[in-house]
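# Structural features, examined
Next come the chains, spelled out residue by residue.
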Amino acid sequence: MKHTGRFIGAGLLGVALFGGAATTTLSGAGCVTEADRAPRDVACPSEVDWPIVSQVLEKSCGTQDCHGAPARPLRLYGRNGVRLSKDSIVGQGATTADELAQNRDSVCGLEPELMAAVVTGDGDVDTLTVTRKPRLLEAHKGGRVWLDASPGWTCFQSWLDGAVDQAACEADLQLP
Amino acid sequence: MRPAGIILACFVAVGGALAATSCESPVDAALLEEQGDEVSGVRTGEFHRYGQDCMACHGGYSSAPVFVAAGTVFATPDDDIPVSGAKVILTDALGNTHAETTNCAGNFFVQEREFEPQYPLNATIEYRLPGESSQTPVHRVVMGSRINREGGCAFCHVAGPPSSTSPGWVYLEPTQPSTPFTVPTGKNGGQCEGGPSHGSVL
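Heads up: these notes are all about the structure in this document. Source: prediction; values computed, not measured.

Here we come to the overall build of chain B. Counting its regular elements, chain B contains three helices and seven strands. Start at the N end of chain B and walk to the C end: the helices and strands fall as α-α-α-β-β-β-β-β-β-β. Counting across all 202 residues of chain B, residues that qualify as buried make up 41%. Counting only contacts in chain B whose residues sit at least 6 apart along the sequence, the fraction spanning at least 24 positions is 60%. When the accessible area of chain B is evaluated, it comes to approximately 11100 Å², of which 55% is carbon and sulfur surface.

Residues and elements named next belong to chain A. Scanning the entire structure with this criterion turns up three disulfides over all chains. Covalent S-S linkage joins Cys 44 and Cys 108, the inter-sulfur distance amounting to 1.8 Å. Across the disulfide from Cys 44 to Cys 108, rotation about the S-S bond amounts to roughly 65°, and the bridge is consequently right-handed. Within this pair, whereas Cys 44 is found in the loop between helix 2 (34-37) and helix 3 (50-60), its partner Cys 108 is found in helix 4 (residues 97-109), the two being separated by 64 residues in sequence. Take Cys 44 and Cys 108: they sit in the same class, and that class is buried. A disulfide bridge connects Cys 155 with Cys 169, and the sulfur atoms are separated by 2.0 Å. Classification of the bridge connecting Cys 155 and Cys 169 rests on its S-S torsion, roughly 90°, and on that basis the disulfide is right-handed. On the criterion of sequence distance, the pair formed by Cys 155 in helix 7 (residues 151-161) and Cys 169 in helix 8 (residues 166-174) is long-range, its members being 14 residues apart. Residue Cys 155 is classed as buried on the basis of its relative accessible area of 0%. Overall, Cys 169 belongs to the buried group, its relative accessible area being 0%. Counting only the cysteines that form disulfides, in the order they appear in chain A, gives the pairing 1-2, 3-4. In this structure Cys 66 is a free cysteine whose sulfur lies 7.9 Å from that of Cys 61, the closest cysteine sulfur available.

Our next topic: the sheet that holds strand 5 (residues 122-127) of chain B. All names here are of chain B. Taken in spatial order, the four strands make up an open sheet running 3-2-5-6, and their pairing is antiparallel. Across the chains shown, the open sheet's two edge strands, defined by having one partner strand only, are strand 3 (97-101) and strand 6 (139-142). Sheet twist, expressed as the mean angle between neighbouring strand axes with direction ignored, is 20°.

Take the interface of chain A and chain B next. Each partner contributes residues to the interface: chain A has 19 residues there, and chain B has 15 residues. In total, about 1500 Å² of surface goes out of reach between chain A and chain B, with carbon and sulfur atoms giving 50% of it. Ranking the residues of chain A by area buried against chain B places Gln64(A), Asp65(A) and Val90(A) at the top, with a combined share of 35%. Applying the counting criterion to the chain A and chain B interface returns zero salt bridges. Where chain A packs against chain B, one counts ten residue pairs in polar contact (both at pLDDT 80 or more). When its residues are assigned to classes, the side of chain A that touches chain B shows six nonpolar, seven polar and six charged.

Considering the arrangement of structural elements, one finds Gln64(A) in the loop between helix 3 and helix 4. Given a relative accessible area of 9%, Gln64(A) falls into the buried group. In this structure the side chain of Gln64(A) is engaged in a polar contact, spanning 2.7 Å, whose partner is the backbone oxygen of Thr165(B). When residues no more than four places from it in sequence are discounted, the contact partners of Gln64(A) are Ala69(A), Asn80(A), Gly81(A), Val82(A), Val90(A), Phe155(B), Cys156(B), Thr165(B), Ser166(B) and Pro167(B).

This part covers the nonpolar core. In this structure, Trp50(A), Val53(A), Leu57(A), Val107(A), Phe156(A), Trp159(A) and Leu160(A) are the most contacted members of the largest nonpolar core, which totals 26 residues. At the level of secondary structure, the elements contributing two or more residues to this core comprise helix 3, helix 4, helix 5 (112-119), helix 7 and helix 8 of chain A. Among all residues touching Phe156(A), those that are not within four sequence positions of it are Val53(A), Leu57(A), Val107(A), Val130(A), Thr131(A) and Trp146(A). Ranked by size, the runner-up nonpolar core spans 22 residues in total, among them Val83(B), Val88(B), Phe115(B) and Ile125(B).

This part covers the sheet that holds strand 7 (residues 170-171) of chain B. All names here are of chain B. Here we have three strands laid out as an open sheet, ordered 4-1-7, and mixed in their pairing. Where the open sheet ends on each side, the last strands, each with one partner, are strand 4 (107-111) and strand 7. Here two bridges tie strand 1 (residues 67-74) to strand 7, and the two strands are oriented parallel to one another. In the strand pairing of strand 7, Phe 74 is matched with Tyr 171.

Residues and elements named next belong to chain A. A full pass over the atoms with the stated rule returns eight aromatic pairs over all chains. Measuring from centroid to centroid gives 6.0 Å for Phe 156 and Trp 159, while their planes differ by 20°, and the two rings are stacked. Of the two residues, Phe 156 and Trp 159 both sit in helix 7, three residues apart, roughly one turn of that helix. Like Trp 159, Phe 156 is buried. Connected via pairs of aromatic rings, a cluster forms that spans Trp 50, Trp 146, Trp 153, Phe 156 and Trp 159. Residue placement shows Arg 135 over the ring face of Trp 153; its charged tip is 4.0 Å from the ring centre.

Rules used throughout
Residues numbered from 1 in each chain as written. Chains lettered and ligands numbered in written order. Predicted model: local features only at pLDDT ≥ 70, side-chain atom pairs only at ≥ 80, totals over all residues. Heavy atoms only, no water. Helix = DSSP H or I, 4+ residues; strand = E, 2+ residues; numbered from the N terminus. Buried < 20%, exposed > 50% of the residue type's maximum accessible area, 1.4 Å probe, protein only. Contact = heavy atoms within 4.5 Å. Areas by Shrake-Rupley, 256 points an atom, 1.4 Å probe, with all protein chains shown as cover. Disulfide = S-S within 2.5 Å. Pairing = 2+ DSSP bridges. Axes fitted to C-alpha atoms, helices over the stretch in contact; angles between N-to-C directions. Buried area = accessible area lost by both parts, 1.4 Å probe. Salt bridge = Lys/Arg side-chain N within 4 Å of Asp/Glu carboxyl O. Polar contact = N/O pair within 3.5 Å; in protein donor to acceptor, adjacent residues only side chain to side chain. Nonpolar A, V, L, I, M, F, W, Y, C, P; charged D, E, K, R; others polar. Core = buried A, V, L, I, M, F, W, Y, C linked by side-chain atoms within 4.5 Å. Phe/Tyr/Trp six-rings, centres within 6.5 Å; stacked < 30°, edge-to-face > 60°. Lys NZ or Arg CZ within 6 Å of the ring centre and 35° of its normal.

What follows is the structure in structure tokens.
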């Protein structure tokens, strides 16, 4: 009987210690501070040259049946996709500055570490999902959007490389 | 139980479990459910469920015939008036085209055996205003963006006026013309077998 009591006591102590440790671990992991919620800076190619690149992506990828829909991981706002503001109407008015900024964050925030490597010249653009899928180097529900010679791809690649090929971007926007 | 019996029972159990779980798509099932019941008095067919998302049933998930594109054309963004006789022209990435004309419920549909488009598609609608003769040049409205993968108009063109999440249903004119569009009649001037005359499904 005496031994049984010791066993029970030791068991309860063990449970208490385990529970305490688990609670501490969980509470430590579960706390999110305001700093954690704040937007983080993500390395991203030129903001100045982004508007025309965004237009190219909006046209080829940002329609409402593709990435111009709220549920998409790579969400693209714009004239012909979902609008950022409830006051904007689909199909009316140009893509706004806020929408352009959100689109750039979407592209660069998809794989921030890989994008940072591309921006610093330490990574290859082909490591990015956002370049592989539209060229079907990786399975893509939307199929092949660009061939390697497509002006749209030349435009996007040149932005990633740090010097936008404006002529290629404009040529893509002229396509139906 | 003998070993052979146990093995057979396992096969039956596993097979049954797979059969019960493998064909269900919660997303497609929910979309089907959203469409609701048929309007009373309208048969299942080319005139039914105007304005709804055709691909909920005709996208291959149910046993209904599979369409590659389908939808309803309305007169204006604000009037529940489908348009009969509008010519919907689809052009795919290879330059192949296919045209369908809307029926009295405003519906059109393209079956798989008729057209196998290479996405993206461009959509154009040609039409005449009420009272215009066949000699009058057609009016033409061209879709502002590509169709990249969804052939059902209502996937994006949700019923109602344009908003921040949808361009609204497919319409021809921003407002009613001087001779206004009216709800189309059916064959020989009789009531159309579908459309708002039977009660709105929108």
